[in-house]
Amino acid sequence: MIKNRNIILALLIILSALNLMAQHNTCGTDKYTSDIIKSDPEIQKRYNEYNENIQKISDNEKKQFKKGTTRTIPVVFHVIHTYGSENITKAQIEDQLRILNEAYQRQNADTVNTRSIFKGLAADMDIEFKLARKDQNGNCTEGITRTFSYLTDGGDDAVKNIIRWDYRKYLNIWVVKNIAMDAGSGGRVLGYATLPSSTNSTKDGIVILSDFVGSIGTATSNNYKGRTLVHEVGHWLGLYHPFQGGCGGNCNNSGDYVCDTPPVKEPSYGCPNTNNTCSNDFPDQLDMIENFMDYATGSCQNMFTKGQKAVVDYSLGNANYRAQNISTAAHNATGIFTNPSCTPIADFNTSNNIITVCEKGSVTFKDYTYNATATTYSWTFEGGTPSTSSSSNPTITYNTAGTYKVTLTVSNATGQNTKIVDKMITVIAAESQLKSPYTEGFENSQILNGFWKAWEAGDYGWRRITTTKYEGVAGMQAYIDAGSASNTLYSLVSDNFDLSTIKGRSPLLKFRVAYRPAVANSTEVLTIYVSTNCGQTWLPLKAISNANGLGVDKVIENGWQPTMQSHWNEISLDITKYESTKNLILKFEARSRSGNSIYLDNVKIEALLPAKVSEIENENLFQVYPNPNNGKFNIVINHGKFKINDLKITDISGKVITIKDSNYQNGANESKIELDNIPAGMYFINLNIENKIITKKITVLP
Ligand SMILES: [Ca+2]
Ligand SMILES: [Ca+2]
Ligand SMILES: [Ca+2]
Ligand SMILES: [Zn+2]
């Protein structure tokens with residue numbers, strides 16, 4: 001079975017290597033529409049209605065091009081980002097706007113490439129796009145919002161809940177790093193749109209990959225020339241793919257319901273300008289690979305047709321579809337014909353996302369202010385040196401361990417704006433107070449409030465829970481279900497530990513995990529990283545999935561959680577390599593596959609080998625007082641780094657009077673012992689520490 005699977009995998013790898021050319025990037029609108037129709041009968045009804053209506057547009061109307069007045073559509077770009085390259089520049093967005101405007105007014109420079117057979121069919125769509133100048137609340141905007149969210153990495157429709165503006169006034173375009181929707185072709189889904197018929201107040205708009213926005217910046221390296229958004233806006237305005245339904249039948253009732261786009265059997269890729277995949281068109285034309293609504297490479301696309309314009313005119317002329325987006329009311333609300341000066345919105349991050357640093361380390365801050373150019377910067381750095389700065393990207397030194405706030409106020413002639421990030425920078429002491437061996441059971445309810453740090457995305461990610469745990473009252477859960485976008489990473493970063501106290505004794509990192517996958521062939525992954533430089537860099541220690549111990553069994557059960565100790569697997573990792581470090585930090589990174597949660601408890605750093613006898617004997621391990629006593633006495637154990645097995649009190653013959661084997665905490669432990677009715681005489685207290693017995697003699701008086 002396993003063997004066969006490996007052979008199939010190998011074949012798949014070979015096939016995919018041979019067929020790299022067959023891996024096509026696609027548009028996600030068909031898949032999105034089919035899913036949304038299935039989930040909502042009302043949308044299915046509206047979809048059918050819309051299709052019937054556009055089939056009713058007369059042939060004559062579809063052929064006759066009338067130059068009309070330009071319709072203006074207010075647009076807002078919502079950039080969803082984690083301060084990476086997906087946080088594209090305003091210039092790149094403006095470049096995209098130029099490309100949209102050229103395409104929808106047949107002003108693009110490459111109209112000359114439209115082949116002569118199609119030149120007479122090409123249409124100026126009479127549409128322009130303008131970035132909003134007023135937001136929903138009437139505040140000055142440049143038509144670009146920027147929001148930090150891990151959902152940029154495959155959140156798909158979930159990004160629409162982060163921010164959206166009234167869909168009847170604004171064309172909402174969400175710019176993301178990754179779209180999780182399966183392209184079904186080994187390539188990427190570059191974008192997807194809601195159709196005029198499938199729209200609703202929470203979903204309407206377009207999601208597009210950041211590196212396919214415009215033709216400059218991060219889009220420079222592809223040859224799509226910003227036509228991906230031209231295509232998606234075509235869907236948003238009510239156009240279909242010319243290859244929809246293959247060659248189809250009557251051109252008015254099949255395919256894209258437009259007769260002047262020749263039928264195409266399947267999507268066109270590259271620039272196949274001799275293709276004629278359907279011959280049921282009359283006259284039989286070549287495939288119109290120039291059309292923005294096919295899939296040919298953007299650099300080969302250059303036209304819409306008169307028939308497509310008639311469909312878009314219908315959509316823009318109907319209040320049920322897109323008429324409100326070009327209304328005077330929308331124009332006034334969005335301020336697109338005004339040119340106000342906005343106040344900048346303060347935004348910043350650190351260079352390379354570094355938020356932890358060793359004592360005396362430095363952090364460079366990076367300005368991401370938007371919505372206007374700032375003329376002044378005023379930073380305040382709690383715990384930093386210098387503690388203030390007026391430069392845009394200052395470098396600050398942090399001398400003392402602690403967690404510190406950062407504040408930036410930016411301004412221009414119109415006003416000022418402040419961003420405060422509480423507890424942004426954590427400065428870690430050169431030597432940790434937490435000496436190994438050490439156990440973290442997540443029992444302290446304040447564990448995530450300054451000791452460990454958890455990264456969440458929306459409702460998902462790491463949290464302390466009391467409903468299920470390996471031991472004690474609480475454990476940790478990386479909360480994941482179908483709503484958690486696939487490939488989203490949730491990090492849990494530990495406090496720092498001094499490993500040098502168990503140096504030479506084969507230090508191990510041990511922890512308990514519990515997991516079952518929600519579906520076959522898709523498993524969440526837990527990757528453990530370590531850092532010895534206060535979180536500046538992370539080294540992977542191990543990635544664990546269901547195949548190598550994330551769960552104790554291979555049972556598939558959606559929504560599963562552990563209910564007994566036998567559900568928890570113990571993972572043990574060798575960390576000898578780091579035994580000299582005095583501040584080791586761990587990171588538990590859960591990768592979502594939109595399946596089930598991962599559970600974690602009992603994170604231990606301990607030594608495989610016992611301490612050397614001489615080491616133990618040299619420790620002043622325990623005291624007993626008073627001595628002599630009357631059978632009531634106190635034992636103080638301060639065993640530091642050594643592991644205690646048990647404590648036995650015996651009489652002079654070796655008979656055990658009592659055993660105390662409860663858990664001993666790190667540091668000082670004090671126990672009260674009361675031996676009632678015990679005969680006077682000599683007794684021994686035997687402490688079993690690291691399997692060596694250390695004995696103290698006591699005298700009980702009559
Ligand atoms: Ca057609
Ligand atoms: Ca043809
Ligand atoms: Ca626990
Ligand atoms: Zn499409």
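Residues numbered from 1 in each chain as written. Chains lettered and ligands numbered in written order. Predicted model: local features only at pLDDT ≥ 70, side-chain atom pairs only at ≥ 80, totals over all residues.

### Section: the overall build of the protein
Rules: Runs of H or I in DSSP of at least four residues are treated as helices and runs of E of at least two as strands, each being numbered from the N terminus. Partly exposed residues are those falling between the two cut-offs: more than 12 but fewer than 20 other C-beta atoms within 10 Å of their own, whereas 20 or more means buried and 12 or fewer means exposed, with C-beta atoms placed from the backbone.
When its secondary structure is counted, the protein shows ten helices and 35 strands. Seen along its three principal axes, the alpha-carbon backbone of the protein occupies a region of about 120 × 70 × 40 Å. Buried positions account for 43% of the 702 residues belonging to the protein.

### A few points about helix α3 (residues 41-56)
Applied cut-off: Helix span, expected: 1.5 Å multiplied by one less than the number of residues in the helix. Note that the arc is computed from the directions linking the helix axis to the C-beta atoms. What counts as a contact here is a pair of residues whose C-beta atoms, placed from the backbone, lie within 7 Å.
Its 16 residues give α3 an end-to-end C-alpha distance of 23 Å, which sits within 8% of 22 Å, the value for a rise of 1.5 Å per residue. Inspection of α3 places Ile-43, Arg-46, Tyr-50 and Ile-54 among the buried residues, and these make up the whole buried set. Projected down its long axis, α3 carries its buried residues within an arc of 65 degrees, all on one side. Exposed side of α3, more than 90 degrees from the buried face: Pro-41, Lys-45, Asn-48, Glu-49, Glu-52, Gln-55 and Lys-56 are the residues found there. Along its buried surface, α3 packs onto α2 (29-39) and α8 (306-316).

### Section: the pairing of strand β30 (residues 632-638)
What counts is decided by this rule: Strand pairing follows a simple DSSP-based rule, namely that at least 2 bridges must link the two strands.
Side chains of β30 alternate between two faces, with Phe-633, Ile-635 and Ile-637 buried and Lys-632, Asn-634, Val-636 and Asn-638 left unburied. With four bridges connecting them, strand β29 (residues 622-625) and β30 associate as antiparallel partners. Bridging from a neighbouring strand, Gln-623 pairs with Val-636 of β30. Hairpin connection of β29 to β30: six residues between the antiparallel strands, including Gly-631 at a positive phi of 100 degrees.

### A few points about the sheet that holds strand β22 (residues 489-497)
If you trace the five strands from one edge of the open sheet to the other, you get β18-β22-β27-β24-β25, paired in antiparallel fashion. Looking along the sheet, the strands with just one partner apiece sit at the ends: β18 (453-454) and β25 (539-544). The pairing of strand β24 (residues 525-531) with strand β27 (residues 584-591) spans seven bridges and is classified as antiparallel. If you follow Ile-528 over to β27, its bridge partner there is Phe-588.

### Section: the nonpolar core
To be explicit about the condition: Take the buried Ala, Val, Leu, Ile, Met, Phe, Trp, Tyr and Cys residues, join any whose C-beta atoms are within 7 Å, and the set you get is a nonpolar core. Note that domain bounds follow an automatic or database assignment of domains.
Of all hydrophobic cores here, the largest spans 96 residues; its most connected members are Val-75, Leu-100, Ile-173, Val-175 and Ile-208. With six residues, strand β2 (residues 71-81) is the largest single contributor of residues to this core. The residue makeup of this core includes at least three contributed by each of domain 1 (2-259 + 301-334) and domain 2 (348-428). Not counting the four nearest positions on each side in its chain, Leu-100 is found in contact with Phe-129, Leu-229, Val-230 and Val-233.

### Some words on the packing of helix α5 (residues 90-103) against helix α7 (residues 227-236)
Heads up, the condition is: Every angle, taken between N-to-C directions, lies between 0 and 180 degrees, and every axis is a line fitted to C-alpha atoms, over only the stretch in contact when it is a helix. By definition in this entry, angles of less than 35 degrees are roughly parallel, angles greater than 145 are roughly antiparallel, angles of 65 to 115 are roughly perpendicular, and the rest are oblique. What makes a crossing left-handed is the near helix being turned counterclockwise from the far one by less than a right angle; a clockwise turn instead makes it right-handed.
Two elements in contact, α5 and α7, have axes separated by 9 Å at closest approach and are oriented at 55 degrees. Our classification of the angle between α5 and α7 gives oblique. Between α5 and α7 lies a crossing of right-handed hand. Here α5 contributes Gln-96, Ile-99, Leu-100 and Ala-103 to the contact with α7, which in turn contributes Leu-229, Val-230 and Val-233.

### Quick notes on the sheet that holds strand β16 (residues 415-428)
Pairing in this open sheet of five strands is mixed, and the strands run β9-β16-β15-β11-β13 from one edge to the other. At either end of the open sheet lies a strand with only one pairing partner, and these are β9 (356-358) and β13 (388-389). Bridge analysis of β9 against β16 gives three bridges, and the strand direction is parallel. What sits directly across from Val-357, in β16, is Val-427.

### Structural notes on the confidence of the model for the protein
Where we set the bar: pLDDT is defined as a per-residue confidence score from the predictor, taking values between 0 and 100.
Taken as a whole, the protein shows an average pLDDT of 90; of its residues, 94% reach a score of 70 or greater. Long-range and interchain partners of residues 1-21, a stretch whose pLDDT sits below 50, account for one contact in this model, where long-range means more than four residues apart.

### Re the environment of Arg-463
Relative to the helices and strands, Arg-463 is located in strand β20 (residues 460-465). Sequence separation between Arg-463 and Met-476 is 13 residues; the distance between their C-alpha atoms is 5.7 Å. In this structure, Arg-463 is in contact with Ala-454, Gln-477 and Tyr-479, ignoring residues within four places of it in sequence.

### A look at α8
Most of α8 sits out of view: eleven of its eleven residues are buried. Taken as a whole, α8 has its buried residues at Lys-306, Gly-307, Gln-308, Lys-309, Ala-310, Val-311, Val-312, Asp-313, Tyr-314, Ser-315 and Leu-316. On the buried face of α8, the contacting elements are α3, α4 (59-63) and β2.

### Points about the environment of Thr-527
Among the secondary structure elements, Thr-527 is positioned in strand β24. Considered as a pair, Thr-527 and Phe-588 are 61 residues apart in the sequence and their alpha carbons are 5.9 Å apart.

### Description of the environment of Ser-351
Tracing the backbone shows Ser-351 in the loop between β8 (348-350) and β9. Residue Ser-351 is classed as exposed on the basis of its 12 C-beta neighbours within 10 Å. Put simply, Ser-351 and Tyr-83 are 268 residues apart on the chain and 9.4 Å apart in space, counted from C-alpha to C-alpha. Beyond its immediate chain neighbours, meaning those up to four positions away, Ser-351 contacts Thr-364 and Lys-366.

### Section: unusual backbone geometry
The omega torsion of the bond from Ser-436 to Pro-437 falls at 0 degrees, within 30 degrees of zero and hence cis. Here Pro-437 lies in the loop between β16 and β17 (438-440). The peptide bond linking Tyr-625 to Pro-626 adopts the cis configuration, its omega dihedral lying at -10 degrees. Inspection of the secondary structure assignment puts Pro-626 in the loop between β29 and β30. Phi is positive for Asn-353, which is not a glycine, with a value near 60 degrees. Tracing the chain through its elements places Asn-353 in the loop between β8 and β9.

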